[in-house]
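Report on the structure
Spelled out from the first residue to the last, the chains are:
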Amino acid sequence: MFLILNSSFKCKINYGCGAGPEKSDLEIKIDETENDTLDSSKKFETIIIDFSDVQFVDEAGCKCLKEIIRDYESDNIQILFACCNENVIDYFKRMKMELDDRIFLTVQDAVSSKLC
């Protein structure tokens, strides 16, 4: 099962990025208990984040994404990125994020990669 988020996603968890300790520019709207209450056959295993409206990402955003990836992967949930523009991909590389196997041209490509 997939959870697909667009670029307006919001997070209930504060990852310490953004304007201050209690505020985050990068947020994801995910109820942390939702996956725990689902039948085991319906739990999502992959979150696909659609970056089609994201024109720029900075160092704080990259650090935040690294934390999100680490946290969800500790729960065996993989984070994938779709529709990233060239500037975003270049910055990911400069920040040594090593996301080559997580970035897809389209959301459909990301979904297809998990169905194979």
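**Describing the pattern of salt bridges**
All told, the structure shown has three salt bridges when counted by the stated rule. The partner of Arg102 in a salt bridge is Glu73, with the nearest N and O atoms 2.7 Å apart. Here the residue Arg102 occupies a position in the loop between α3 (86–94) and β4 (103–104), and Glu73 occupies one in helix α2 (residues 59–73), the gap between them amounting to 29 residues. On the basis of relative accessible area, Arg102 is assigned to the buried category, the value being 11%.

**Let's talk about the packing of aromatic side chains**
For any pair of aromatic rings, the description rests on two quantities: the centre-to-centre distance and the angle between the ring planes. A full pass over the atoms with the stated rule returns four aromatic pairs. A centroid spacing of 5.4 Å and a plane angle of 85° characterise the contact between Phe51 and Phe81, whose relative ring orientation is edge-to-face. Taken together, the positions of Phe51 in the loop between β2 (46–50) and α2 and Phe81 in strand β3 (residues 78–82) put the pair 30 residues apart, joining distant regions of the chain. Of the two residues, Phe51 and Phe81, neither departs from the other in class, the shared state being buried. Aromatic side chains Phe81 and Phe92 sit 5.8 Å apart centroid to centroid with 50° between the ring planes, which places their arrangement in the tilted category. On the criterion of sequence distance, the pair formed by Phe81 in strand β3 and Phe92 in helix α3 is long-range, its members being 11 residues apart. Judged by relative accessible area, Phe81 falls into the buried class, the value being 0%. Look at Phe92 and you get buried, because its relative accessible area is 2%. Grouped by ring-pair contacts, the aromatic residues Phe51, Phe81 and Phe92 constitute a single cluster.

Conventions and cut-offs
- Residues numbered from 1 in each chain as written.
- Predicted model: local features only at pLDDT ≥ 70, side-chain atom pairs only at ≥ 80, totals over all residues.
- Heavy atoms only, no water.
- Salt bridge = Lys/Arg side-chain N within 4 Å of Asp/Glu carboxyl O.
- Helix = DSSP H or I, 4+ residues; strand = E, 2+ residues; numbered from the N terminus.
- Buried < 20%, exposed > 50% of the residue type's maximum accessible area, 1.4 Å probe, protein only.
- Phe/Tyr/Trp six-rings, centres within 6.5 Å; stacked < 30°, edge-to-face > 60°.

Function cannot be read off these values alone, since they describe shape.
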